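# Reading the structure
If you want the building blocks of each chain, they are given just below.
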Amino acid sequence: MSVIRRLHSLMQNRKISPQELTEYFLKMVQEENPRLNSCITIADKTARKQAEEAAQRFEQGSYTLFTGLPVLLKDNLCVQGLPATCASRMLADFVAVYDAAVWEQLYSDGAVLLGKTNMDEFAMGSSSETSFFGPVRNPRNETLSPGGSSGGSAAAVAGGLAVCALGSDTGGSVRQPAAFCGITGLKPTYGAVSRWGLIAYASSLDQIGPMALCAEDAALLLDRISAKDSRDDTSRGLGQTAPLLREPVTGKRVAIVREMMEGASLPVQKAIEDTVQRLHTLGISVTEVSVPVLRYAASAYYIIACAEASSNLSRYDGLRYGHRSESPAASFHEFVCRNRQEGFGEEVRRRILMGTYVLSAGHHEQYYQKARKVQSLLRRELLAALEQADILLSPVCPAPDFPAGKTLADPVAVYQTDLCTVAANLSGLPALSTPSAIWENGHPVGIQLMARPFADGNLLQTAYWLETTGTRPPYPESVRVLMDGKEEF
């Protein structure tokens, strides 16, 4: 059963109040956050005020499904009056002066914000270990990375600190941590969710996505945040997805992407094989397709993403925005260099330098323009593959997880593991990570589903039906207590 629907029913029937539910999850955050380090900011005062407002809405009969629901937001999403640090020293003292569009929508429904989650600095990383505020730990196995960059949101949901959370996905940053922590994570179609109030990494690739304990909750959250927004020129909105979930999937076509299986570890291969068997039992046919240009996808992604990061982060010079060094400087150039050297971590500096290089004279056509051509070809080939199938199936990552510290020791090797996730961002297609029935190192191995533009509902529907075959892991203990045994479909 949907956790969101269950908690709404409890509040609607006066079996628990919004204040009691908020205190329950604030207690979970306060008890578990020292271990997981999944939250940077705990917004206890504002959460209690929002819970009181939610209680009044129930009294007045003006509530919605999200009224009183405790949620968490990644710390690159702006909420007026709260820090928005991007897990960076550069923005450690920045307090947002307006609300992101996604929080406007949730707040208008009466949702309760518990706090802001930890992440890789400026969303650049695959482990949530580059944060200025320290690494996030995986609640299922603390020797493993929770994934990144939205690792704080994934760890908090998997650890039972909140019902659901929002992350951002530029090259897999919602899907990979969802896979490593055993929850559902969706990168919506580019343009489905407004980016207003999201602190940019790579604007043409960034998307905000839901992270939840099941496909239905991810669909409900997506439906609430996917309204068209005139403040974001790329925003087109999205139709409702939750009503589609229970429609039959018999007759759908799924295709395994051959290139994405290359280099997959044995547990990941087993996860795909087991998923194929379950798809067959649901009446879904499974074939194989080839997308040859995928071999260039990771390279093209890092060229384009770093180029945009170099441009977007140029505003942080310590004069207009960001950290300002206390050390004296002999020139303006030295002043800016000191601010950026102190304010940005190693991974962010590396990507800015890479982006500046590929945009520089003599290299723009050699690297950036070629990467854009690969991007166009990749979109064409993926859309052609989706003429042969309704959904593309692949691993989220060639490995089922990363040991803690691995990405810091060899970042370039980890870049190469992004092959499966970056394709959706480069092409603008929706992609979802859902748990398989195969477990490794104490967590389910995630598998990825990808669909045509604005067919996000097809992904969530397929994930929902896969869950009915037994792929969804048990809810965290803190959530099971509230579900009162009502976890069945």
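Attention here is on the structure that accompanies the text. Since the structure is predicted, the reported quantities are computational estimates derived from the model, not experimental observations.

Thresholds, definitions, all that
- Residues numbered from 1 in each chain as written.
- Predicted model: local features only at pLDDT ≥ 70, side-chain atom pairs only at ≥ 80, totals over all residues.
- Heavy atoms only, no water.
- Helix = DSSP H or I, 4+ residues; strand = E, 2+ residues; numbered from the N terminus.
- Rg over C-alpha atoms; globule rule 2.2 N^0.38 Å.
- Buried < 20%, exposed > 50% of the residue type's maximum accessible area, 1.4 Å probe, protein only.
- Lys, Arg positive; Asp, Glu negative; His and termini not counted.
- Charge placed at Lys NZ, Arg CZ, Asp CG, Glu CD.
- 1 Å grid on protein atoms, 1.4 Å probe; cavity = no way out; pocket = protein on both sides within 12 Å on 5 of 7 lines; lining within 4 Å.
- Points joined across faces, edges and corners; volume = space filled by probe spheres on them.
- Nonpolar A, V, L, I, M, F, W, Y, C, P; charged D, E, K, R; others polar.
- Pairing = 2+ DSSP bridges.
- Axes fitted to C-alpha atoms, helices over the stretch in contact; angles between N-to-C directions.
- Contact = heavy atoms within 4.5 Å.
- Disulfide = S-S within 2.5 Å.
- Parallel < 35°, antiparallel > 145°, perpendicular 65-115°, else oblique.
- Salt bridge = Lys/Arg side-chain N within 4 Å of Asp/Glu carboxyl O.
- Core = buried A, V, L, I, M, F, W, Y, C linked by side-chain atoms within 4.5 Å.

### Structural notes on the overall build of the protein
Within the protein, the regular secondary structure consists of 18 helices and 11 strands. Its C-alpha atoms give the protein a radius of gyration of 21 Å, within 12% of the compact-globule value 23 Å for 489 residues. Along the longest, intermediate and shortest principal axes, the C-alpha atoms of the protein span 65 × 55 × 45 Å. In the protein, which comprises 489 residues, the share counted as buried stands at 62%. When the 47 basic and 52 acidic side-chain charges of the protein are each reduced to a single mean position, those positions are 3 Å apart.

### Looking at the layout of surface pockets
Approximately 380 Å³ is the volume attributed to the largest pocket. Together, 17 residues line the largest pocket, and Tyr 98, Leu 198, Ile 199, Ala 200 and Arg 315 are the ones closest to its centre. When its residues are assigned to classes, the lining of the largest pocket shows 10 nonpolar, two polar and five charged.

### Focus on the sheet that holds strand β11 (residues 443-450)
Sheet architecture is open: 11 strands sit in the order β1-β3-β2-β4-β6-β5-β10-β11-β9-β7-β8, paired in mixed fashion. Every interior strand has two partners, whereas the edge strands, β1 (39-42) and β8 (285-289), have only one. This sheet shows a mean twist of 30° between the axes of neighbouring strands, independent of strand direction. Where helix α13 (residues 364-388) meets the sheet, its contacts fall on β7 (253-257), β8, β9 (391-395) and β11, and the angle it forms with β9 comes to roughly 115°.

### Topic: the environment of Ile 272
Note on placement: Ile 272 falls in helix α9 (residues 266-281). Using a relative accessible area of 3% as the deciding quantity, one classes Ile 272 as buried. Here the alpha-carbon distance between Ile 272 and Val 374, two residues 102 residues apart in the chain, equals 27 Å. Other than its neighbours up to four places away in sequence, Ile 272 contacts Ile 256, Met 261, Leu 393, Ser 394, Pro 395 and Ile 447.

### Description of the state of the cysteines
Overall, the coordinates contain zero disulfides when judged by the stated rule. Cysteine Cys 420 remains unbridged, with the sulfur of Cys 397 as its closest cysteine sulfur at 7.2 Å. What makes Cys 420 buried here is its relative accessible area of 0%.

### Overview of empty space enclosed by the protein
A complete count under the given rule lists four cavities of 30 Å³ or more for this structure. Taken together, 17 residues form the lining of the largest cavity, with Gly 125, Ser 126, Gly 171, Ser 173 and Asp 418 sitting closest to its centre. Tallied by class, the residues present in the lining of the largest cavity amount to six nonpolar, nine polar and two charged.

### Thoughts on the packing of α9 against helix α17 (residues 456-471)
Between α9 and α17, the least distance of the axes is 10 Å, while the angle of their chain directions is 100°. One way to sum up the angle between α9 and α17 is to call them roughly perpendicular. Contacts between α9 and α17 involve Thr 275, Arg 278, Leu 279 and Thr 281 from the first element and Thr 462, Leu 466, Thr 469, Gly 470 and Thr 471 from the second. Partitioned by chemical class, the residues of the contact of α9 with α17 number two nonpolar, six polar and one charged.

### Points about the pattern of salt bridges
Applying the stated criterion across every chain yields a total of 25 salt bridges. Among the salt bridges present, the one from Arg 35 reaches Glu 142, with a minimum N-O distance of 2.8 Å. Of this pair, Arg 35 sits in helix α2 (residues 18-36) while Glu 142 sits in the loop between β3 (112-117) and α5 (151-158), and the two are 107 residues apart along the sequence. Glu 142 gets classed as partly exposed once you look at its relative accessible area, which sits at 40%. Among the ionic pairs, Asp 274 bridges to Arg 278, the shortest N-O distance being 2.6 Å. Here the residue Asp 274 and the residue Arg 278 both occupy positions in helix α9, the gap between them amounting to four residues, near one helical turn. In this structure Asp 274 comes out as buried when scored by relative accessible area, which is 15%. The structure contains a network of salt bridges with shared partners spanning Glu 346, Glu 347, Arg 350 and Arg 351.

### With respect to the nonpolar core
Residues Leu 7, Leu 166 and Leu 393 are the most contacted members of the largest nonpolar core, which totals 94 residues. In this structure, Leu 166 is in contact with Leu 72, Leu 73, Lys 74, Leu 77, Val 102, Leu 106, Ser 153, Ile 208, Gly 209, Pro 210, Leu 221 and Ile 225, ignoring residues within four places of it in sequence.

### Side note on the side chain of Thr 434
Among the secondary structure elements, Thr 434 is positioned in strand β10 (residues 431-440). The exposure class of Thr 434 is buried, given its relative accessible area of 0%. Non-local contacts of Thr 434, meaning those with residues more than four positions away in its chain, are made with Ile 183, Thr 184, Val 445, Gly 446, Ile 447, Ala 463 and Leu 466.

### Some words on unusual backbone geometry
In this structure, the amide linkage connecting Gly 148 to the following residue, Ser 149, adopts the cis form with an omega of 5°. When you line up the elements, Ser 149 lands in the loop between β3 and α5. Of note in this structure, Cys 86 is not a glycine but carries a positive phi near 55°. Looking at the element boundaries, Cys 86 is found in the loop between β2 (70-74) and α4 (101-108). Owing to a relative accessible area of 1%, Cys 86 belongs among the buried residues under this scheme.

### Some points on the packing of helix α12 (residues 346-359) against α13
Interaxial distance between α12 and α13 falls to 7 Å at its minimum, and their mutual angle equals 105°. Of the possible angle classes, the one that applies to α12 and α13 is roughly perpendicular. Where α12 abuts α13, its residues Tyr 357, Val 358 and Leu 359 lie against His 364, Tyr 367 and Tyr 368.

### Considerations on the pairing of strand β4 (residues 164-169)
Of all the six residues making up β4, six are buried; the element is thus mostly covered by neighbouring parts of the structure. Along β4, one buried face is formed by Cys 164, Leu 166 and Ser 168 and the opposite face, lined by Ala 165, Gly 167 and Asp 169, is buried too. Of the strand pairs in this sheet, β2 and β4 are connected by three bridges, and their pairing is parallel. Across the sheet, the residue bridging to Leu 73 is Leu 166, located in β4. Alignment of β4 against strand β6 (residues 207-212), held across six bridges, turns out to be antiparallel. Looking at the pairing, Gly 167 lines up with Gly 209 of β6.

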